[in-house]
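These are the residues of each chain, in order.
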Amino acid sequence: ELQQLQVLVLVSAQRMAEARDALERMARQYGLDKEYDAQRIWVQAVRAAIEPSGANWAAAIDTLKHALALSPRDSTLHFLLADAYARAGELPQALQCYQRSYEMDPDWMAAGAAYANALLLAGRLDDAYRVSRIVISRSAQDRITPFIIYPKAYMALREVGGGSELSGSEADLDQEVI
């Protein structure tokens, strides 16, 4: 929906006050009609994910899980749940949710970069390198995040003696990305 996209754009631009205002307008618009349950829960989930306090990640996780029960194919909700799990220090669950988000929308650069970074943090270097290569090949050249994760994954693999993903010359790998 267009309103949801607007909120996500505001959040990504770090314009949280405007995002909160937009969420408030959406909540009023949806009212209490049963037919808008999924949209109301989406609003609540995004609110929980962008709250500045961040102290109560368990409540945010519960809200996001409830939202996903109503909208299981929403890649944004999976991404927000992954972020909440990561902030709560629950990396295995975060990794699983980042993966779902990325698999649901493989062209979403933020989801792919977050998934590659979570793989890197989990020590799954071959997977992190593979995913980062895919993300970087699909990303606009003016986006820096994939270009940071890719060399981190590459260097981590090199430090441990490489992996199956590092076969071939460095020039070949660079050419794939460029």
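For the structure, check the block above.
Residues numbered from 1 in each chain as written. Predicted model: local features only at pLDDT ≥ 70, side-chain atom pairs only at ≥ 80, totals over all residues. Heavy atoms only, no water.

A. Spotlight on the layout of surface pockets. In this structure, the largest pocket spans a volume of roughly 920 Å³. S12, F79, D83, W108 and A110 are the residues nearest the centre of the largest pocket, which is lined by 33 residues in total. The dominant element in the lining of the largest pocket, judged by the number of residues it contributes, is helix 5 (residues 75-87), at 8 residues. (1 Å grid on protein atoms, 1.4 Å probe; cavity = no way out; pocket = protein on both sides within 12 Å on 5 of 7 lines; lining within 4 Å. Points joined across faces, edges and corners; volume = space filled by probe spheres on them. Helix = DSSP H or I, 4+ residues; strand = E, 2+ residues; numbered from the N terminus.)

B. Highlighting empty space enclosed by the protein. Under the criterion given, the structure shown has 1 cavity of 30 Å³ or more. Within this model, the largest cavity holds a volume of roughly 40 Å³. Y102, P106, D107, W108, M109, G112, V135, R138 and S139 are the residues that line the largest cavity. Elements that contribute at least two residues to the lining of the largest cavity include exactly helix 7 (109-121) and helix 8 (125-138).

C. Region of the structure containing the side chain of Q4. Relative to the helices and strands, Q4 resides in helix 1 (residues 2-12). Not counting residues up to four positions away in its chain, the partners in contact with Q4 are M26 and W42. (Contact = heavy atoms within 4.5 Å.)

D. Structural detail: the pattern of salt bridges. A full pass over the atoms with the stated rule returns 5 salt bridges. The salt bridge partner of E24 is R47, with a shortest N-O separation of 2.8 Å. Of the two residues, E24 sits in helix 2 (residues 16-30) while R47 sits in helix 3 (residues 37-50), which places them 23 residues apart along the sequence. A relative accessible area of 36% means that E24 is categorised as partly exposed. Its relative accessible area of 27% is what places R47 among the partly exposed residues. The residue D127 makes a salt bridge to R130 at a minimum N-O spacing of 3.6 Å. In this pair, D127 and R130 both sit in helix 8, 3 residues apart, roughly one turn of the helix. Under the relative-accessibility criterion, D127 is labelled partly exposed at 23%. For R130, a relative accessible area of 33% gives the class partly exposed. Overlapping salt bridges bring together E24, R28 and R47 as one network. (Salt bridge = Lys/Arg side-chain N within 4 Å of Asp/Glu carboxyl O. Buried < 20%, exposed > 50% of the residue type's maximum accessible area, 1.4 Å probe, protein only.)

E. The arrangement of the nonpolar core in detail. With 54 residues, the main nonpolar core has V7, L23, W42 and Y98 as its most contacted residues. Excluding anything up to four places from it in sequence, V7 contacts A19, A22, L23, M26, W42 and V46. (Core = buried A, V, L, I, M, F, W, Y, C linked by side-chain atoms within 4.5 Å.)

F. Structural view of the environment of M104. As for its placement among the helices and strands, M104 is situated in helix 6 (residues 91-104). Along the primary structure M104 and D74 are separated by 30 residues, whereas in three dimensions their C-alpha atoms are 8.0 Å apart. Those residues in contact with M104 that sit more than four places away from it in its chain are P72, R73, D74, S75 and H78.

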